[in-house]
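The lines below spell out each chain.
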Amino acid sequence: MNNEGYIITTDKSGQPMPTQYNLATGEWVDYHPGEKKPYNCGKCHTTGYSEDGHQDGREGIVGTWALPGIQWERCHGPAADHIAAGGDPSLVEVNTSAELCGQCHIRREATEIPAKGGFIRHHEQFNELLASPHADFDCVTCHDPHKKAEFSIKLNCSPCHSSVVAAFEGSTMQKVGMKCTDCHMPAASKSAVKFGPYQGDVATHLFRINTDPTASMFTDDGAFAKDFVTLDFACLSCHKDKDINWAAERASGIHSLGK
Ligand code: HEC
Ligand code: HEC
Ligand code: HEC
Ligand code: HEC
Ligand code: HEC
Ligand code: HEC
């Protein structure tokens with residue numbers, strides 16, 4: 001941010017330039033280049049947020065907050081009584097609903113899945129989950145919310161999908177080390193960069209795969225995603241030299257491929 005609290009989108013002379021640093025690639029990428037971009041992000045990225053006023057008196061920052069980042073009290077509520085009572089666990093608010101996470105892991109209406117440039121946009125896990133076959137699940141059914149995503153999975157797919165697991169066991173795909181999520185949760189969402197035409201940088205939570213090679217994951221205007229993953233996203237990020245018809249001919253019975 002600059003001293004007025006606006007997100008920097010240009011170089012010193014005001015020329016648009018890439019200003020978002022991507023840890024995954026070590027490269028700078030575009031972030032609304034050239035726009036005058038207020039920091040209106042506090043609702044989801046801070047604790048004790050109020051939309052009134054400007055943090056530290058900087059006009060480009062919309063609202064104020066008590067603590068930076070998402071800290072304990074953002075999810076568990078005020079903790080003064082809990083601490084005064086020597087850490088009494090009964091005085092901690094524990095809300096396990098997907099709606100709690102959906103206060104931030106959402107974009108616009110929960111009933112739609114905004115998309116752009118051939119990808120689902122990021123922070124839409126709640127929108128996606130509601131459109132998926134796991135719509136009745138809470139996020140904490142699968143995630144320990146205190147951990148980074150890759151270490152947070154406390155329940156994997158196996159216990160609930162035992163017949164698929166049995167089919168998969170010993171298959172070509174299983175032997176080369178593939179996981180259920182490689183096909184069912186491909187990076188069909190994009191936060192900062194795409195790594196290929198069907199490979200963004202955030203895993204989707206739609207789970208269901210549509211094997212029709214003529215199906216499109218997006219509405220005709222490209223503004224929204226539907227409620228399934230198509231085979232281009234499920235297969236072609238790895239099988240780069242193949243096309244969707246190749247994938248469609250091989251999709252049925254894929255779990256037990258090579259057995
Ligand atoms: C106040 C807003 C907010 C709430 C509520 C919230 N999150 Fe998040 N969550 C975020 C933001 C912002 C990030 C990205 C943080 C970053 O990477 O700097 C994030 C990141 C994550 C990640 C990825 C972490 C990583 O680094 O790999 C997971 C998983 C996650 N949240 C799950 C949950 C779950 C489950 C819940 C509900 C129990 C939840 N979140 C509630 C805002 C929120
Ligand atoms: C509606 C809630 C919401 C708003 C508003 C929001 N974010 Fe986020 N942001 C999230 C969540 C949730 C994540 C993590 C999940 C994801 O990226 O899909 C995230 C992830 C990010 C990441 C990636 C972090 C990482 O470690 O990969 C960046 C950077 C980011 N946000 C910046 C911003 C900026 C800058 C703004 C304001 C212009 C903003 N966000 C507004 C919810 C929000
Ligand atoms: C807690 C149990 C549970 C877990 C964990 C779980 N699922 Fe499911 N899954 C279900 C149930 C129940 C349904 C059926 C929902 C329905 O019929 O509407 C389902 C449906 C599905 C479907 C759609 C099936 C169809 O016939 O179209 C897919 C695909 C799927 N799950 C994949 C996964 C993957 C991949 C994982 C792991 C990342 C996973 N599931 C984790 C219980 C689970
Ligand atoms: C190589 C990609 C790939 C991998 C890996 C994969 N799947 Fe699938 N899965 C598919 C495709 C494609 C379909 C749709 C098949 C169809 O409609 O005939 C599917 C269908 C499903 C279905 C719904 C139909 C059914 O057979 O019940 C479930 C549930 C499912 N997969 C779960 C899983 C689980 C759990 C794993 C991990 C053990 C897994 N998948 C691994 C590609 C994959
Ligand atoms: C059926 C199980 C399941 C449910 C339910 C579920 N997730 Fe996930 N989620 C996963 C798996 C598996 C991953 C991939 C973890 C990894 O990196 O290996 C994941 C990844 C993520 C990531 C990181 C995505 C990325 O690529 O950066 C975020 C953020 C996240 N989940 C948030 C949520 C939120 C919020 C909810 C509820 C709205 C939710 N998840 C519900 C299984 C689930
Ligand atoms: C995460 C990467 C990855 C994804 C995603 C993936 N595959 Fe594969 N696939 C492999 C690897 C690795 C092999 C084994 C090496 C080989 O034979 O190329 C393989 C082998 C195969 C084979 C046997 C070899 C051949 O060329 O005939 C078929 C068929 C196949 N995959 C189809 C699919 C389909 C269909 C999908 C999507 C539903 C899919 N794969 C998704 C990595 C992937």
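Computed from a predicted structure; not experimentally measured. (Residues numbered from 1 in each chain as written. Chains lettered and ligands numbered in written order. Predicted model: local features only at pLDDT ≥ 70, side-chain atom pairs only at ≥ 80, totals over all residues. Heavy atoms only, no water.)

Asks: Teacher, can you tell me more about the pattern of salt bridges here?
Replies: Side-chain pairs of opposite charge can arise whenever the charged atoms involved come near each other. Per the stated rule, a full pass over the model turns up 5 salt bridges. Residues Asp241 and Lys242 are paired through a salt bridge, measuring 3.8 Å at the closest nitrogen-oxygen approach. When its relative accessible area of 65% is taken as the criterion, Asp241 is described as exposed. (Salt bridge = Lys/Arg side-chain N within 4 Å of Asp/Glu carboxyl O. Buried < 20%, exposed > 50% of the residue type's maximum accessible area, 1.4 Å probe, protein only.)

Asks: What is the right way to read the side chain of Ser152 from this model?
Replies: Looking at the secondary structure, you find Ser152 in the loop between helix H6 (139-142) and helix H7 (162-168). Residue Ser152 is classed as buried on the basis of its relative accessible area, which comes to 2%. A polar side-chain atom of Ser152 sits 2.8 Å from the main-chain carbonyl oxygen of Ala149. Sequence-distant contacts of Ser152, defined by excluding residues within four places in its chain, comprise Cys142, His143, Asp144 and Lys147. (Helix = DSSP H or I, 4+ residues; strand = E, 2+ residues; numbered from the N terminus. Polar contact = N/O pair within 3.5 Å; in protein donor to acceptor, adjacent residues only side chain to side chain. Contact = heavy atoms within 4.5 Å.)

Asks: What's the story with helix H11 (residues 244-251) in this structure? I'm lost.
Replies: Taken together, the buried positions of H11 are Ile244, Ala247 and Ala251. Buried residues along H11 cover an arc of 60° about the axis, so they all sit on one side. Turning to H11, the residues buried within the fold contact helix H10 (231-235). Backbone nitrogen of Asn245 and a side-chain oxygen of the N-cap are separated by 3.1 Å at the start of H11; the cap is Asp243. Positive phi appears at Gly253, one or two residues downstream of H11, with a value of about 75°. (Arc of directions from axis to C-beta.)

Asks: What exactly am I supposed to notice about the coordination of the iron atom of ligand 6 here?
Replies: Around a metal, the perfect tetrahedron of four donors has angles of 109.5 degrees, and the perfect octahedron of six donors has angles of 90 or 180 degrees. Among protein residues, the single donor to the iron atom of ligand 6 is His239 (NE2), with a metal-donor distance of 2.0 Å. Examined against the element boundaries, His239 turns out to sit in the loop between H10 and H11. (Donors = N, O, S within 2.8 Å, 3.2 Å for Na, K, Ca; no water.)

Asks: Which parts of the structure should I look at to understand the site of ligand 5?
Replies: Taken together, 20 residues lie around ligand 5, and Cys139, Cys142, His143, Ala203 and His205 are the ones closest in. Contacts to ligand 5 include His143, whose side-chain N or O atom sits 2.8 Å from a nitrogen atom. Within the contact set of ligand 5, an oxygen atom lies 2.8 Å away from a backbone nitrogen or oxygen of Ala203. Elements supplying a minimum of two residues to the shell around ligand 5: helix H5 (125-131) and H6. With 3 residues, the top contributor of residues to the shell around ligand 5 is H5. Class assignment for the residues of the shell around ligand 5 results in 12 nonpolar, 6 polar and 2 charged. (Near = heavy atom within 4 Å. Nonpolar A, V, L, I, M, F, W, Y, C, P; charged D, E, K, R; others polar.)

Worth remembering: the numbers are spatial, not functional.
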